[in-house]
Amino acid sequence: MASVVFYFQVHQPYRLRPYSIFDSGTNYFDDQANGEICRKVASKCYLPANALITELIRANEGRFRVNYSVTGMAIEQFKQYCPEVLESFVELAKTGCVEFIAETYYHTLAFLYRRDEFIDQVEKHRQIITDLFGQTPRTFRNTELTYNNDVAEVVEEMGFDIVLTEGADHILGHRSPNFLYRPPNCEHLKMMLKNYRLSDDIAFRFGDRAWTEWPLTVEKFTGWVDRINGTGYVCNLFMDYETFGEHQWDDTGIFDFLRALPASIIGTQKNDFLTVSEAADRYPAEGELDIPHMISWADTERDISAWLGNSMQANALYETYAITDEVRSSGDETLLEDWRKLQTSDHFYYMCTKYFADGDVHKYFNPYQSPYDSYINYMNILDSIRSRLP
Amino acid sequence: MKVLMLGWEFPPYISGGLGTACYGLTRGLDSVGVKVGFVLPVSIPQDFHSHVTFKTPSNISDDTVVKGKNKSLLRGVTMHVLPAFLQPYAGPEQYDQVVEMMKQLQPADENDYLPVGDILPGGEAVGYGGDLMEQVRRYASLAVKHSQDETFDVIHAHDWMTYPAGLAVAAYSGKPLVVHLHSTEFDRSGENINQQVYDIERAGLHGADRVICVSYLTRGIAVKRYGVNPEKIEVVYNAVDLEVKKIHTDPIKRDEKIVLFLGRITMQKGPEYFLQAAKKVLSKFDKVRFVIAGSGDLISQSVSLAAELGIGKHVAFTGFLRGDDVGRIFNMADLYVMPSVSEPFGIAPLEAMSHNVPVIISKQSGVSEVLTHALKVDFWDIDEMANKIVAVLRHPPLRRVLQQHGQIELRKLSWKDSAKKCKKIYTELVRAKKQKIHKRRK
């Protein structure tokens, strides 16, 4: 038996408005751009994909199961700009075939800098998921699957049963991502690792006509999943939800692929779909996985250099967390909220210079013309935040 | 392959980027095995007074251009100086003086002149030294005469003052002509163009077998404003010489940052935007000095503007700098700003970067097509210019990342690569010409 575990990441950052050193005022966010992008992605991805997933759960009589992590930033923007998206997630929750995963509410790198702030953000997310969807998350994923042993220890203490991360080659070695593992410093926490080859076949390569396996048919993919039988328990397909309709456009056939996949996988009689918790309950951890250094699912490096790879990023993050105590003890709720939204990892990703000259995926997601512009803008806003400290 | 290069400035006597570009390209061509015969007008030092000594071909190669180890670097390059004076930025007074001296040194010999046909459109060269057009004509006819004693495969002319010479030599020799567009009349003069200069540029661009533009920005102007067939245009970017001469600068203890403007102080270079931005910067950050290095027709206007804005004590004017002084000022600078209104390429930012100085460049420049690790602004957006100046001065990590990546990026811009592109163009033109002749013979 090989169980397919689909987990979709749903996130939208609060993009910052152009804020020069001569600006004053405390509205830091680009309401117009945020609204436009949110509505655009809703109509291209969230709404049609949610409708399709709902339809597939019904059609397969509950045997199709998926998992989501929806960030607090995405939830707030759905409320603000397209409430129908949030409603459709609530409908999905009611099917009983969907598990919601916890992370930092603000999609941040707080774990790297402040443990108390990190715990508060995770609790806040756990709370809103419980309130909105009527289920308390048992599973945790850190921002962009950043992970090390310390993350495991902290989230186990917080009461989570499962943690998700990247099945990076350099940590797995000869081992397979298709088993469950245990962190060396935990009692019961189970780790589930992204099968990045099969995940990226859908998320990145699906529409790539230069790829030797193009076009990716449901039959072919079912065959690849089926090969896991006997060599593993799970096939962890972790990806951005925007894969459907936004990263891979409708005309690549991505929705048709998703529509036909469940019946094809289930039709083998040997394989099924599970939520993360169901998989962790059914399968044992096969061994210990020691990950002392931070890994993530980003870029080919699978490390944190996309957010912390140059001095601007290091400086911006350092300066942001340098005022943690003052902000947290200020008693100013609006200030706390603004400061937390500034922690969203996307802001630091925009400052990445790694592939800037080559113009790749980093550019696609970047509202700025250059990483320098993004750093300058960010630091100006941080100045304004600092000026509001008591 | 040998190219007859027609230029009007060459180090050390330069007033702008053209001389630097010609020198870089010539060195690059030399390194890819193209022989260059470089033809120049007489060079007059910028700080010209009455003690002018004229350079002849023999002494120019001895003590200036090809000295020391450079001699071996420029094996395939010969320099020829023609007794004509092409100085577009010289005032009329200076012009008369030089022409007068030239007449004394070398009495006009009617045999020097060859009929070069009607290569110069008529009209007055308003705004330029009175005799400039006459000198352009003289340069052309002397170039033709010179070319008859020389063998070469292709002609390469740089900017409008040498286009008539290029056209004339091409007509006499039957060799293919490449014209290089470093700057157009629209860049220099905005919309108030000098019609005669425009006509010469147009004739050169249309008469050439191939046009080399220094950027896509300039290519666009050539197509739109001069009606040049886009198919015969190639873009070849300028580059930078990375062998920065180590210049000792005394470490002066200072708590002031230096923001540098270096270039001709003319409308094209946007000095007033630099000053307006400086005023804004000073409202946020006052430990800063703005240095304006260069000379030009807007200098006194700029001094007055600085005073009017009330920022006089934060602004320093150095006058025209050359040689080691350029390196010294770059070494002192914390930031270089090029606010050009219209800049076909703009080599100066590359020079600043080669001295490890971060740069802010206007988006209205050709160099912004090749640089990613530079800060970019619209020249008119003084708020944003000030915002970025303040950011560089206040945030050392920003400066550091710009420097680190800038160094890597500079290494991708080599004169050798630019020269290779030129060589390819020469080869194509020579081959096409041969085929044409071959066909005719059949």
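Residues numbered from 1 in each chain as written. Chains lettered and ligands numbered in written order. Predicted model: local features only at pLDDT ≥ 70, side-chain atom pairs only at ≥ 80, totals over all residues. Heavy atoms only, no water.

Novice: Sorry, what's going on with the overall build of chain A here?
Specialist: In terms of helices and strands, chain A carries 18 helices and ten strands. Expressed as a percentage of its 390 residues, the buried residues of chain A come to 63%. Considering only intrachain contacts with a sequence separation of at least 6, the fraction spanning at least 24 residues in chain A is 77%. With an accessible surface of roughly 14500 Å², chain A has 49% of that area assigned to carbon and sulfur atoms. (Helix = DSSP H or I, 4+ residues; strand = E, 2+ residues; numbered from the N terminus. Buried < 20%, exposed > 50% of the residue type's maximum accessible area, 1.4 Å probe, protein only. Contact = heavy atoms within 4.5 Å. Areas by Shrake-Rupley, 256 points an atom, 1.4 Å probe, with all protein chains shown as cover.)

Novice: What should I look at first to understand the overall build of chain B in this one?
Specialist: Assigned secondary structure in chain B consists of 16 helices and 13 strands. Counting every position in chain B, which comprises 442 residues, the buried fraction comes to 57%. Considering only intrachain contacts with a sequence separation of at least 6, the fraction spanning at least 24 residues in chain B is 73%. When the accessible surface of chain B is split by element, carbon and sulfur atoms take 51% of a total near 19000 Å².

Novice: Quick question: what am I supposed to make of the packing of aromatic side chains here?
Specialist: Geometry of an aromatic ring pair is reported as the spacing of the ring centres plus the angle between the planes. All names here are of chain A. Across all of its chains, the model carries 46 aromatic pairs over all chains by this definition. For the ring pair F8 and Y68, a centre distance of 5.6 Å and an interplane angle of 50° mean the geometry is tilted. Of this pair, F8 sits in strand β1 (residues 2-10) while Y68 sits in strand β2 (residues 66-70), and the two are 60 residues apart along the sequence. Residues F8 and Y68 agree in their burial class; the two are buried. Three or more aromatic residues joined by ring pairs form one cluster here, namely F6, F8, Y46, F64, Y68, F78, F89, F100, F133, Y241, F244 and F273. The lysine or arginine in question, K341, covers the ring of Y14, its NZ or CZ lying 4.5 Å from the ring centre. (Phe/Tyr/Trp six-rings, centres within 6.5 Å; stacked < 30°, edge-to-face > 60°. Lys NZ or Arg CZ within 6 Å of the ring centre and 35° of its normal.)

Novice: Please explain the pairing of strand β5 (residues 177-181) of chain B as it appears in this structure.
Specialist: All names here are of chain B. The buried fraction of β5 amounts to five of the five residues, a majority that puts the element mostly inside the structure. On β5, burial covers both faces: L177, V179 and L181 on one face and V178 and H180 on the other are all buried. Bridge count between strand β4 (residues 154-158) and β5: four bridges; the pairing is parallel. In the strand pairing of β5, H156 is matched with V178. Viewed along the sheet, the connection from β4 through helix α6 (residues 163-173) into β5 turns out right-handed. One ladder, built from four bridges, connects β5 with strand β6 (residues 210-213); its direction is parallel. Across the sheet, residue L181 finds its bridge partner in β6, namely C213. (Pairing = 2+ DSSP bridges. Right-handed = clockwise from strand over helix to strand, strands pointing away.)

Novice: Would you take a moment to explain the pattern of salt bridges for this structure?
Specialist: Opposite charge on two side chains lets them pair, provided their charged atoms get close. All names here are of chain A. Going through the model one piece at a time under the given rule, you end up with 50 salt bridges over all chains. Note that E91 is salt-bridged to K94, the shortest N-O span being 3.2 Å. Of this pair, E91 and K94 both sit in helix α3 (residues 83-94), three residues apart, which is roughly one turn of that helix. Given a relative accessible area of 43%, E91 falls into the partly exposed group. Across the salt bridge formed by K220 and E213, the nearest N and O atoms sit 3.4 Å from each other. The class for E213 is partly exposed, based on a relative accessible area of 29%. (Salt bridge = Lys/Arg side-chain N within 4 Å of Asp/Glu carboxyl O.)

Novice: I'm lost on the sheet that holds strand β3 (residues 77-82) of chain B in this one. Help?
Specialist: As a general point, the strands of a sheet are linked pairwise by backbone hydrogen bonds and lie either parallel or antiparallel. Residues and elements named next belong to chain B. In space, the seven strands of this open sheet follow the order β3-β2-β1-β4-β5-β6-β7, with parallel pairing throughout. Two strands in the sheet have a free side with no partner beyond their single neighbour: β3 and β7 (233-235). Within this sheet the neighbouring strands show an average axis-to-axis angle of 20°, counted without direction. Of the strand pairs in this sheet, strand β2 (residues 35-41) and β3 are connected by six bridges, and their pairing is parallel. (Axes fitted to C-alpha atoms, helices over the stretch in contact; angles between N-to-C directions.)

Novice: So what exactly am I meant to see when it comes to the sheet that holds strand β8 (residues 257-262) of chain B here?
Specialist: Residue and element names in this part refer to chain B. Spatially, six strands are ordered β10-β9-β8-β11-β12-β13 in an open sheet, and the strand pairing comes out parallel. Only two strands of the sheet have a single neighbouring strand rather than two, namely β10 (315-319) and β13 (375-377). Taking the axes of each pair of neighbouring strands and ignoring which way they run, one obtains an average angle of 20° across the sheet. In this sheet, strand β11 (residues 335-338) lies alongside β8 in parallel orientation, the contact comprising two bridges. Note on β11: the bridge partner recorded for V259 is L335.

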